[in-house]
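# Residue-level structure breakdown
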Amino acid sequence: MAKKKDELDEESLALINWCIAVEACLVKGGATITQAQDYIEEDIETLTDQYFDGLSPEEAAKIALA
């Protein structure tokens, strides 16, 4: 069965879910939802690197809030 063109691969889906977890950690740490989402959009390259480096969402949020 062929994948639909608009379906995400497992790795992309995992990264998106990780970013959602980072967003939750940022909000828990005091950021507004808008601030957290803006940070993720603006620094997605850094976050992608952190994801592939094995950081947890909590670690990535802690770095962002420092």
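Just so it is clear, the structure is predicted and the values come from calculations on it, not from any experiment. (Residues numbered from 1 in each chain as written. Predicted model: local features only at pLDDT ≥ 70, side-chain atom pairs only at ≥ 80, totals over all residues. Heavy atoms only, no water.)

Counting secondary structure elements, the chain contains four helices and zero strands. Traced from its N-terminal end to its C-terminal end, the chain shows the element sequence α-α-α-α. The principal-axis extent of the C-alpha atoms belonging to the chain is close to 45 × 25 × 20 Å. Looking at the chain as a whole, 26% of its 66 residues are labelled buried. Contacts in the chain between residues far apart in sequence, at least 24 positions, make up 61% of those at least 6 positions apart. (Helix = DSSP H or I, 4+ residues; strand = E, 2+ residues; numbered from the N terminus. Buried < 20%, exposed > 50% of the residue type's maximum accessible area, 1.4 Å probe, protein only. Contact = heavy atoms within 4.5 Å.)

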